[in-house]
Amino acid sequence: MVETPKGNRLHIGIFGRVNSGKSSLLNALTGQELAVVSEVPGTTTDPVKKAVELRGIGPCLLIDTAGFEDEGELGALRLDKTKAAASEADMALLVVSATEKPGEDTPEMRWLKIFRRRSTPVILVLSKTDLDAPLTWQAKSWQKLTGLKPVLVSAQGRQGLGELIEQINRLRPENYDLEDITGSLTKAGDQVLLVMPQDIEAPKGRLILPQVQTIRHLLDKGCLVNCCKTSKMKAMLAALKEPPALIITDSQAFKQVEELCPKESRLTSFSVLFAGLKGDLPFFVASAQKLSTLDHTARILIAEACTHQPLHEDIGRVKLPRLLRKKLGEEISIEVVGGKDFPADLSTYDLIIHCGGCMFNRKYMLSRVKAAKEQGVPMTNYGVAIAALLGILDKVSLPE
Ligand SMILES: Nc1nc2c(ncn2[C@@H]2O[C@H](COP(=O)(O)OP(=O)(O)OP(=O)(O)O)[C@@H](O)[C@H]2O)c(=O)[nH]1
Ligand SMILES: [Mg+2]
């Protein structure tokens, strides 16, 4: 039997305070006593990784971690390992015991921010629900604080595990392996250069998912793939015999890369390519071009799939409004909606800007596109709108 390579397994990290029931959850999910459980806080010291085939999920790698809030020098070392596990996780189960009080100033809230910064999907698990605790109130309080509806689980009573598996399936990052990410922009044998700034947002020791998926896609397509950081682009171009057919970079590095881009090469960005995977790219681009016709009287709807609490430098609530106000004027009207709250009447808006929709499937995104089209309202998405606001959209090559 050929083993599923580790890299192709869904990496599910289990995080939470010491003694919150993380190891017990791993055992309950697998139905085996794989991790040591005890009432002594700090039982798990190093991340425990188990490659398992979970019923209803498929091949995954479960990562049990040392709890947060560990004291002492050893604690700092453990914390580093937990952080490394966090950057490896495709999704995170954030476990909070029903015996703990919800609150803004809790380790869970701090870790949630870390996961969100990395765009890691999080499932909040309220554990030990067999114990005497005001569960309904607890669940509501956590939901209010995090925007996430907790899944109620008792590892001991084996309750709530089915619901948890359902949530994992609903939130698991979509596998784009079969999608033609670069579409008409590449063909077998083409030389493609990826210029990838590795900034502080990039997880330590890893590439972010869109970069990994793009590389895999190009390899499968039979392209000749080269990668470098922005600072090495000049040296890379000099080392190549011919200019690459396509150069792909990040929106933030676009201007710099464009200056060095040979005239024979086409240029595009990761966010625009991924914008095209979910949604209607030609419509999104045409709609974003409307930005140049709007002024200070504009009414803009920003729609987010997630219902999470606004974070500092959140794209939908901070970055995008800032760019929009800078371009159109401080007094423009911006309305932000989250989750499934999408107004039925869109006719009062001049433009809709939707998030990438990683929480929605393509079908659902397209139903919103259809509603916008039917009401004659332009709709674009974050990646395309940002490219337009930065003045680079007309320089981006688009796949057909
Ligand atoms: N009643 C009840 N107790 C539980 C449940 N899950 C875990 N416990 C108990 O909680 C204690 C801690 O459980 P662990 O699974 O070791 O917790 P952990 O989060 O891995 O702890 P550390 O590794 O120390 O960070 C143990 O005494 C478990 O028996 C549950 O569903 N119900
Ligand atoms: Mg443990």
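Within any chain, residue numbers begin from 1 and follow the written order of that chain's sequence. Chain A is the first chain written and ligand 1 is the first ligand written, with later ones labelled in order. For this predicted model, a pLDDT threshold of at least 70 governs which residues receive local features, and a threshold of 80 or more governs which side-chain atom pairs are given and counted, while totals over whole chains, interfaces and linings are taken from all residues. Side-chain numbers here rest on the full set of heavy atoms in the structure, without hydrogens or water.

Enquirer: Explain the overall build of the chain to me, and be specific about the residues and the numbers.
Expert: Counting from the N terminus, the helices are DSSP H or I runs at least four residues long and the strands are E runs at least two residues long. Along the chain, the regular secondary structure elements total 13 helices and 14 strands. Note on exposure labels: buried denotes an accessible area under 20% of the residue type's maximum, exposed denotes more than 50%, and partly exposed covers the range between, all computed with a 1.4 Å probe on protein chains only. Out of the 400 residues belonging to the chain, those deemed buried represent 51%. Restricting the contact set of the chain to residue pairs at least 6 apart, pairs at least 24 apart contribute 73%. Residue burial considers only the protein chains on display, and all accessible areas are found by Shrake-Rupley using a 1.4 Å probe. When the accessible surface of the chain is split by element, carbon and sulfur atoms take 52% of a total near 19800 Å². Working rule for contacts: check all heavy atoms of both residues, and any pair within 4.5 Å makes them a contact.

Enquirer: With reference to specific residues and values, describe the sheet that holds strand S13 (residues 351–354).
Expert: With parallel pairing, 4 strands are arranged side by side in an open sheet as S12-S11-S13-S14. Strands with a single pairing partner mark the edges of an open sheet, and in this sheet they are strand S12 (333–338) and strand S14 (379–381). When the angles between neighbouring strand axes are averaged without regard to direction, this sheet yields 25°. Of the pairings in the sheet, the one linking S13 to S14 comprises 3 bridges and is parallel in character. Of the residues in S14, the one forming a bridge with isoleucine 352 is methionine 379. Helix axes are fitted only over the stretch in contact, all axes being lines through C-alpha atoms; the angle between N-to-C directions runs from 0 to 180 degrees. Where helix H10 (residues 281–289) meets the sheet, it contacts S13 and S14, and its direction lies at approximately 105° from that of S14. Seen against the sheet, helix H13 (residues 382–389) touches strand S11 (299–304), S13 and S14 and runs at an angle of roughly 90° to S14. DSSP bridges decide pairing: two strands pair if at least two such bridges lie between them.

Enquirer: Mind laying out the coordination of the magnesium ion (ligand 2), listing which residues take part and the relevant values?
Expert: Each donor-metal-donor angle in an ideal tetrahedron of four donors is 109.5 degrees, and each such angle in an ideal octahedron of six donors is either 90 or 180 degrees. Counted as donors are N, O and S atoms no farther than 2.8 Å from the metal, or 3.2 Å for Na, K and Ca; water is not among the atoms, and sites may therefore look incomplete. Summarising the metal site, the magnesium ion (ligand 2) is bound by the protein donors Ser23 (OG) and Thr44 (OG1), whose distances to it range over 1.9 to 2.1 Å. A residue pair is termed long-range when its members are at least 10 positions apart, and serine 23 in helix H1 (residues 22–30) and threonine 44 in the loop between H1 and strand S2 (48–54) qualify at 21 residues. Across this residue pair, the class does not change: serine 23 and threonine 44 are buried.

Enquirer: Please give an account of helix H9 (residues 270–277) that cites residues and values.
Expert: Most of H9 is tucked away, with 6 of its 8 residues classed as buried. Three or more residues of H9 are buried, namely Phe270, Val272, Leu273, Phe274, Ala275 and Leu277. Polar contact is the term for a pair of N or O atoms within 3.5 Å; when the atoms are in protein, one must be able to donate a hydrogen and the other to accept it, and sequence-neighboring residues count only if both atoms are side-chain atoms. Here H9 starts with a cap whose side-chain oxygen sits 3.2 Å from the backbone nitrogen of valine 272, and that cap is serine 269. Looking at the residues trailing H9, positive phi occurs at glycine 279, about 125°.

Enquirer: I'd like a description of the packing of aromatic side chains, backed by residues and values.
Expert: In this analysis, rings of Phe, Tyr and Trp, with Trp reduced to its six-membered ring, are considered paired at centre separations within 6.5 Å, and the interplanar angle assigns stacked below 30 degrees, edge-to-face beyond 60, and tilted for intermediate values. According to the stated counting rule, one finds 4 aromatic pairs in the structure shown. Look at phenylalanine 15 and tryptophan 111: their rings are 6.0 Å apart centre to centre, the planes differ by 25°, and that puts the pair in the stacked class. With phenylalanine 15 in strand S1 (residues 10–16) and tryptophan 111 in helix H3 (residues 107–117), the pair connects residues that are 96 residues apart, well separated along the chain. Residue classification places tryptophan 111 among the buried positions, given a relative accessible area of 6%.

Enquirer: Account for the sheet that holds strand S8 (residues 224–228), naming residues and giving values.
Expert: Spatially, S8-S7-S9-S10 is the arrangement adopted by the 4 strands of the open sheet, whose pairing is parallel. Of all the strands in the sheet, the pair left with one neighbour each is S8 and strand S10 (266–269). Direction aside, neighbouring strands of the sheet carry axes that sit 20° apart on average. Its contacts with the sheet put helix H6 (residues 209–221) on strand S7 (191–195), S8 and strand S9 (246–249), and the angle it makes with S7 is roughly 175°. Each of S7, S9 and S10 touches H9; the most contacted strand, S10, lies at about 70° to it.

Enquirer: Summarise the site of ligand 1; cite the residues concerned and give the values.
Expert: The environment of ligand 1 is formed by 23 residues, the closest being Lys22, Ser24, Gly42, Thr43 and Asp130. Contact between ligand 1 and serine 23: an oxygen atom at 2.8 Å from a side-chain N or O atom of the residue. Separating an oxygen atom of ligand 1 from a backbone N or O atom of glycine 42 is a distance of 2.7 Å. If ligand 1 stood free it would expose 650 Å²; the protein chains cover 90% of that surface. Any residue with at least one heavy atom within 4 Å of a molecule or strand is counted as near it.

Enquirer: I'd like a description of unusual backbone geometry, backed by residues and values.
Expert: If you check the backbone angles, asparagine 19 has positive phi at about 70° while not being a glycine. Mapped onto the fold, asparagine 19 is located in the loop between S1 and H1. For arginine 158, which is not a glycine, the phi torsion comes out positive at approximately 50°. Considering the arrangement of structural elements, one finds arginine 158 in the loop between strand S6 (151–152) and helix H5 (161–171). In this structure arginine 158 comes out as partly exposed when scored by relative accessible area, which is 49%.

Enquirer: Describe the pattern of salt bridges, naming the residues involved and giving the relevant values.
Expert: When a carboxyl oxygen of Asp or Glu is within 4 Å of a side-chain nitrogen of Lys or Arg, the pair counts as a salt bridge. Considering all chains together, one arrives at 12 salt bridges under this definition. Ionic pairing is found between aspartate 46 and lysine 81, a salt bridge with its closest N-O pair at 2.8 Å. Of this pair, aspartate 46 sits in the loop between H1 and S2 while lysine 81 sits in helix H2 (residues 72–88), placing them 35 residues apart in sequence. A residue is classified by how much of its surface remains accessible, and aspartate 46, at 37% relative accessible area, is partly exposed. Among the ionic pairs, glutamate 166 bridges to arginine 170, the shortest N-O distance being 3.6 Å. In this pair, glutamate 166 and arginine 170 are both assigned in helix H5, 4 residues apart and thus about one turn of the helix distant. Here the salt bridges share partners, and the residues they tie into one network are Arg17, Glu100 and Glu108.

Enquirer: Explain the environment of leucine 161 residue by residue, including any values.
Expert: If you trace the backbone, leucine 161 turns up in helix H5. With a relative accessible area of 9%, leucine 161 lands in the buried category. Sequence separation between leucine 161 and leucine 29 is 132 residues; the distance between their C-alpha atoms is 6.9 Å.

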